[in-house]
Amino acid sequence: ALLVQVLLLIPAVLQLLMVPAPQIDVANISSLSARLDSLTLYPGEGPPLGHLRGLFRETREMVQGVSRNPLTLSITASLCLLHSTAAVLAIWAGPYLALGEGALPPLAALLLAALMLVVLPACGTCTGAILCDRMHGFKAGHHAAALRVASGFVFLAALAGPISGPAVSLLGRLGVLSLWLFGAGAFLPISVGILMTCMPSYLRS
């Protein structure tokens, strides 16, 4: 699963790095403020079929608006790949640590895997957010630096694929899981921030 993820992540990350900075940076950061009118609830009017058509129309317009920006597609594809791999790791991390040289007992491997699945992504999330802030990734609307930091962390997570084959010992497998979970956790807050700011203005709230 990790090797397949690497092969699929490479084109998405390369497309991220090739997006020009003017397309990422936000010239007017005041446009990022939430619109309170979007939170207003209006009474339902008209037949249910009319509401259904309106829902389909809004969904079509939203997909068309999002798909115009290649940055949105690349980040969304990367997030989907990482989340699908995370779902696989949540199931197989315990058995993965219970096999190989110096393997732990099944119960101990399961408990250790559960602890890693909770702690490492949280540590990565905090590290990614702090590092991005230190590099001024989300200040004054300049998000090209944030994109470079996010790409670095997703490359870190992708490195788990090539090294997962030779890793047969317990420490090696712990390193593979730690590398992936930390890198994916660090990529998440930065990519979500970029994704929110590159959306069309009518989709941000």
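The rules behind the values
Every chain begins its residue count from 1, and numbering advances along the sequence as written. At least 70 in pLDDT is required for a residue's local features to be given in this predicted model, at least 80 for side-chain atom pairs to be given and counted, and no such filter applies to totals for whole chains, interfaces and linings, which use all residues. Side-chain measures were taken over the full set of non-hydrogen atoms in the model, leaving aside hydrogen atoms and water. What counts as a helix is a DSSP run of H or I of at least four residues, what counts as a strand is a run of E of at least two, and both are numbered from the N terminus. Residues enter patches when their relative accessible area tops 30% and they take part in no salt bridge; the joining distance is 9 Å for like charges and 5 Å for the nonpolar side chains Val, Leu, Ile, Met, Phe, Trp and Tyr. The protein chains shown are the only cover counted for residues, whose accessible areas, like all others here, come from Shrake-Rupley with a 1.4 Å probe. Salt-bridge detection follows one rule: a side-chain nitrogen of Lys or Arg within 4 Å of a carboxyl oxygen of Asp or Glu. A pair of aromatic rings is counted whenever rings of Phe, Tyr or Trp (Trp by its six-membered ring) have centres within 6.5 Å, and the orientation is called stacked for planes under 30 degrees apart, edge-to-face for over 60 and tilted otherwise. The criterion is that NZ of a Lys, or CZ of an Arg, lies within 6 Å of the ring centre and within 35 degrees of the ring normal, and then a charge sits over that ring. Across the chain, each position has a pLDDT score giving the predictor's confidence in that residue, from 0 to 100. Any two residues whose heavy atoms approach within 4.5 Å at even a single point are treated as in contact. Between N-to-C directions, angles span 0 to 180 degrees; the directions come from axes that are lines fitted to C-alpha atoms, helices contributing only their stretch in contact. In what follows, roughly perpendicular refers to angles from 65 to 115 degrees, roughly parallel to angles under 35, roughly antiparallel to angles over 145, and oblique to any angle outside these ranges. Should the near helix be turned counterclockwise from the far one by less than a right angle, the crossing is left-handed, whereas a clockwise turn marks it as right-handed. Throughout this entry, Asp, Glu, Lys and Arg are counted as charged residues, while Ala, Val, Leu, Ile, Met, Phe, Trp, Tyr, Cys and Pro are counted as nonpolar. The remaining residues, Gly among them, count as polar. By disulfide we mean two sulfur atoms from cysteines, separated by a distance within 2.5 Å. Think of it in three bands: with a 1.4 Å probe and only protein chains considered, a residue is buried below 20% of the maximum accessible area for its type, exposed above 50%, and partly exposed in between.

Asks: An account of the overall build of the chain is requested, with residue identities and associated values reported.
Replies: Scanning the chain from N- to C-terminus turns up eight helices and zero strands. Starting at the N terminus and ending at the C terminus, the chain contains elements arranged as α-α-α-α-α-α-α-α.

Asks: Please set out the environment of W180 residue by residue, giving values where relevant.
Replies: Positionally, W180 belongs in helix 8 (residues 170-197). In the structure, W180 is positioned 59 residues away from P121 in sequence and 8.9 Å away in space, judged by C-alpha atoms.

Asks: Lay out a nonpolar patch on the surface with the relevant residues and their values.
Replies: A surface patch of nonpolar side chains, amounting to about 300 Å² of accessible area, comprises L52, L55 and F56. Tracing the chain through its elements places L52 in helix 3 (residues 48-67).

Asks: Can you tell me about the packing of aromatic side chains, naming the residues and giving the values?
Replies: Using the criterion set out here, one finds one aromatic pair in the structure. Between F153 and F182, the aromatic rings sit 6.4 Å apart at their centres with planes inclined by 65°, giving edge-to-face as the arrangement. Taken together, the positions of F153 in helix 6 (residues 144-158) and F182 in helix 8 put the pair 29 residues apart, joining distant regions of the chain. The positively charged end of R173 is found above the aromatic ring belonging to Y96, 4.5 Å away from the centroid.

Asks: I'd like a description of the confidence of the model for the chain, backed by residues and values.
Replies: Averaged over all residues, the pLDDT of the chain equals 76, while 70% of them reach at least 70. The weakest mean pLDDT in the chain belongs to helix 2 (residues 21-24) at 54; the strongest belongs to helix 5 (residues 106-134) at 91. For residues 28-42, every residue scores under 50 in pLDDT, and the model assigns this stretch 13 contacts once sequence neighbours within four places are set aside.

Asks: Give a description of the packing of helix 5 against helix 8 that names residues and reports values.
Replies: Here helix 5 crosses helix 8 at 45°, and the two axes come no closer than 6 Å. When the axes of helix 5 and helix 8 are compared, the pair comes out oblique. The two elements helix 5 and helix 8 meet at a crossing, and its hand is right-handed. Contacts between helix 5 and helix 8 pair L112, M116, L117, L120, P121, C123, G124, T125, T127, G128, A129 and C132 from the former with L174, L177, S178, L181, F182, G185, A186, P189 and I190 from the latter. The class makeup of the residues in the contact of helix 5 with helix 8 is 15 nonpolar, six polar and no charged.

Asks: For the state of the cysteines, give the residues involved together with the corresponding values.
Replies: Each disulfide is one covalent bond, formed between the sulfur atoms of two cysteines. Throughout the structure, instances matching the rule amount to zero disulfides. In this structure C123 is a free cysteine whose sulfur lies 6.9 Å from that of C126, the closest cysteine sulfur available. On the basis of relative accessibility, which here comes to 36%, the residue C123 falls in the partly exposed class.

Asks: Could you give me a rundown of the environment of L111, with the residues and numbers involved?
Replies: Tracing the chain through its elements places L111 in helix 5. Judged by its relative accessible area of 56%, L111 falls in the exposed class.

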